Amino acid sequence: DIQMTQSPSSLSASVGDRVTITCRASQSISRYLNWYQHKPGKAPKVLIYVASSLQSGVPSRFSGSGSGTDFTLTISSLQPEDFATYYCQQTYSTPTTFGGGTKVEIE
Amino acid sequence: QVQLVQSGPEVKKPGASVEVSCRASGYTFTNYRIHWVRQAPGQGLEWVGWISPNRDNTNYAQKLQGRVTMTTDTSTTTAYMELTGLRSDDTAVYYCARETGGAMAYFDYWGQGALVTVSS
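None of the values given here were measured: they were computed from a predicted structure. (Residues numbered from 1 in each chain as written. Chains lettered and ligands numbered in written order. Predicted model: local features only at pLDDT ≥ 70, side-chain atom pairs only at ≥ 80, totals over all residues. Heavy atoms only, no water.)

Looking along a regular strand, one sees the side chains alternate between the two faces of the sheet. All names here are of chain A. Here strand S2 (residues 10-13) runs beside strand S11 (residues 102-106); their pairing, made up of four bridges, is parallel. Within the sheet, the bridge partner assigned to Leu-11 lies in S11 and is Val-104. As paired strands, strand S9 (residues 85-90) and S11 are joined by two bridges and run antiparallel to one another. Pairing of Thr-85 across the sheet is with Lys-103, part of S11. (Pairing = 2+ DSSP bridges. Helix = DSSP H or I, 4+ residues; strand = E, 2+ residues; numbered from the N terminus.)

Below you can see the structure in the form of structure tokens.
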């Protein structure tokens, strides 16, 4: 199985900060990398698919980049509603696997 | 609009079985795979498996092979996940999710989640 490693596992930031989360795959996954936002008691929500495509309805402050084994999710200006846990997911091969998550907390 | 509505919380004893349902609406049910993903308390997301409603093809996580069965009822556009031989580490919120399909596969719609608690 392809292992997905996210860093950091948690971070504290303030409203307006630029936030960057990284995800590394144990082998090349081309661009088959998705990002989800998950809030307690809610269903996960897709933000970015195939590394850099913004899902319809997701604010443009979210962006994704990368290919091969290294990927990045960036929030250009953190908003109060962005405090959540973020997961990367590879769909290059079965089984699909998720990163361990990055919890974004209020500083 | 697309909706996935799951059944309610369950409390089961170790060794028992549980079935979680996921009723789909707002799209052609047979055109999209349904995946199941779980999240144990304080843990991340773990893929459980998928089912293709048009052919009932399935693919399960290796660690759950032999204990998990996924089915669909196309007449009611409902997907089911049954887990047998429950253990305490099966305690989790179980989500169903629709896969977009094709090369750019991702999970675009999710159910609200169903908490399964395994406790003696």
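Right, let's get into the pairing of strand S1 (residues 3-6) of chain B. Residues and elements named next belong to chain B. Side chains Leu-4 and Gln-6 of S1 all project onto a buried face; the interleaved residues Gln-3 and Val-5 project onto a face where none is buried. Pairing of S1 with strand S3 (residues 18-25) involves four bridges; the strand directions are antiparallel. In the sheet register, Gln-6 faces S3, and the bridge partner there is Cys-22. (Buried < 20%, exposed > 50% of the residue type's maximum accessible area, 1.4 Å probe, protein only.)

For the rest of this paragraph, the subject is the nonpolar core. Grouped together as the largest cluster of nonpolar side chains are 26 residues, with contacts concentrated most on Ile34(B), Trp36(B), Val68(B), Met70(B) and Met81(B). At the level of secondary structure, the elements contributing two or more residues to this core comprise S3, strand S4 (34-39), strand S5 (45-52), strand S7 (68-73), strand S8 (78-83), strand S9 (92-99) and strand S11 (114-118) of chain B. Ranked by the residues each element gives to this core, the list is headed by S3(B), at four residues. Once you skip the residues sitting within four places of it in the chain, Ile34(B) turns out to touch Leu4(B), Tyr27(B), Phe29(B), Gly49(B), Trp50(B), Ile51(B), Pro53(B), Ala79(B), Cys96(B), Ala97(B) and Arg98(B). Within the second largest apolar cluster, 25 residues are counted, among which are Trp35(A), Ile48(A), Ala84(A) and Val104(A). (Core = buried A, V, L, I, M, F, W, Y, C linked by side-chain atoms within 4.5 Å. Contact = heavy atoms within 4.5 Å.)

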